[in-house]
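# Inside the fold
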Amino acid sequence: MATSSNVSFLLGLTMSILLFAGMQMYKGLLSSSQPMTILGGWLGSDLFILLLATINSFENMTFGKGFQAKLIPEVALALLVAMISSGLVHRVCVTTCVIFSLVGLYYINKLSIGKYQAPVAMATPAGKSKKRN
């Protein structure tokens, strides 16, 4: 079920704050072993996706429908905030956060292209082509 940009912004912001607070509350547990640091990076990549959706919803509210997130301001800002948040937990969480975030960004881009990009028709020659020997 789709929501409006206003509701999406509020939900994304609330979930981002709750996820950041949860990562800080369980900082000791998330940095206690190798699998838990990987989990901390995965939570950081979830924070990245939530922040990216929140930023995009805010821009849609401000600049109107159809405004798209760009690589440099929006994606870079969301990734930087997620990396800092993961770095407050453990330094290995930063590395796994970047890896998981880039994989997630690839699949988000793939889904977006499939949904919003118009199919491109193949150009065919108008006249007969002669075979040359």
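Everything here concerns the structure above.
Notes on the structure follow. (Residues numbered from 1 in each chain as written. Predicted model: local features only at pLDDT ≥ 70, side-chain atom pairs only at ≥ 80, totals over all residues. Heavy atoms only, no water.)

### What to know about the overall build of the protein
Along its length, the protein carries five helices and zero strands. If you list the helices and strands of the protein from N to C, you get α-α-α-α-α. Taking 14 Å as the expected radius of gyration for a compact globule of 133 residues, we find that the protein reaches 20 Å, considerably beyond that expectation. Counting the 133 residues in the protein, one finds 28% classified as buried. Residue pairs in contact within the protein that sit at least 24 positions apart in sequence constitute 65% of those at least 6 positions apart. Here the protein has roughly 9600 Å² of accessible surface; of this, 69% comes from carbon and sulfur atoms. (Helix = DSSP H or I, 4+ residues; strand = E, 2+ residues; numbered from the N terminus. Rg over C-alpha atoms; globule rule 2.2 N^0.38 Å. Buried < 20%, exposed > 50% of the residue type's maximum accessible area, 1.4 Å probe, protein only. Contact = heavy atoms within 4.5 Å. Areas by Shrake-Rupley, 256 points an atom, 1.4 Å probe, with all protein chains shown as cover.)

### Notes on the nonpolar core
It is characteristic of soluble globular proteins that their nonpolar side chains tend to be buried jointly. In terms of nonpolar packing, the biggest core is built from 18 residues, with L19, F48, L52 and A78 touching the most fellow members. At the level of elements, α1 (5–25), α3 (34–63), α4 (71–87) and α5 (91–116) are the ones that each hand at least two residues to this core. Among the elements that line this core, the one with the most residues is α3, at seven residues. Look past the residues within four positions of A78 in its chain and what remains in contact with it is F48, L51, L52 and I55. (Core = buried A, V, L, I, M, F, W, Y, C linked by side-chain atoms within 4.5 Å.)

### Some remarks on the environment of L10
Within the fold, L10 resides in helix α1. In sequence terms L10 and C93 are 83 residues apart; their C-alpha atoms lie 27 Å from each other.

### Brief notes about the packing of aromatic side chains
Scanning the entire structure with this criterion turns up three aromatic pairs. With a centroid separation of 4.9 Å and 40° between ring planes, the pair formed by F63 and F67 is classed as tilted. Their ring planes at 75° and their centres at 5.1 Å tell us that Y106 and Y107 sit as a pair that is edge-to-face. You can call Y107 partly exposed: its relative accessible area is 48%. The side chain of K70 reaches across the aromatic face of F67, ending 5.5 Å from its centre. (Phe/Tyr/Trp six-rings, centres within 6.5 Å; stacked < 30°, edge-to-face > 60°. Lys NZ or Arg CZ within 6 Å of the ring centre and 35° of its normal.)

### Here we look at the side chain of T96
Looking at the secondary structure, you find T96 in helix α5. With residues near it in sequence (within four places) discarded, T96 still touches T37, I38 and G41.

### Points about the environment of G41
With respect to the helices and strands, G41 occurs in helix α3. Along the primary structure G41 and V89 are separated by 48 residues, whereas in three dimensions their C-alpha atoms are 9.1 Å apart. Not counting residues up to four positions away in its chain, the partners in contact with G41 are C93, T96, C97 and F100.

### Here we look at the side chain of S57
With respect to the element layout, S57 can be found in helix α3. Engagement of the side chain of S57 in a polar contact is seen with the side chain of S8, the distance being 2.9 Å. Setting aside chain neighbours within four positions, we find S57 in contact with S5, S8 and F9. (Polar contact = N/O pair within 3.5 Å; in protein donor to acceptor, adjacent residues only side chain to side chain.)

### Side note on the state of the cysteines
Evaluated as defined, the whole model comprises zero disulfides. Looking at the unpaired C93, the closest cysteine sulfur is the one in C97, lying at 8.5 Å. According to the relative accessible area criterion, C97 is buried, its value standing at 0%. (Disulfide = S-S within 2.5 Å.)

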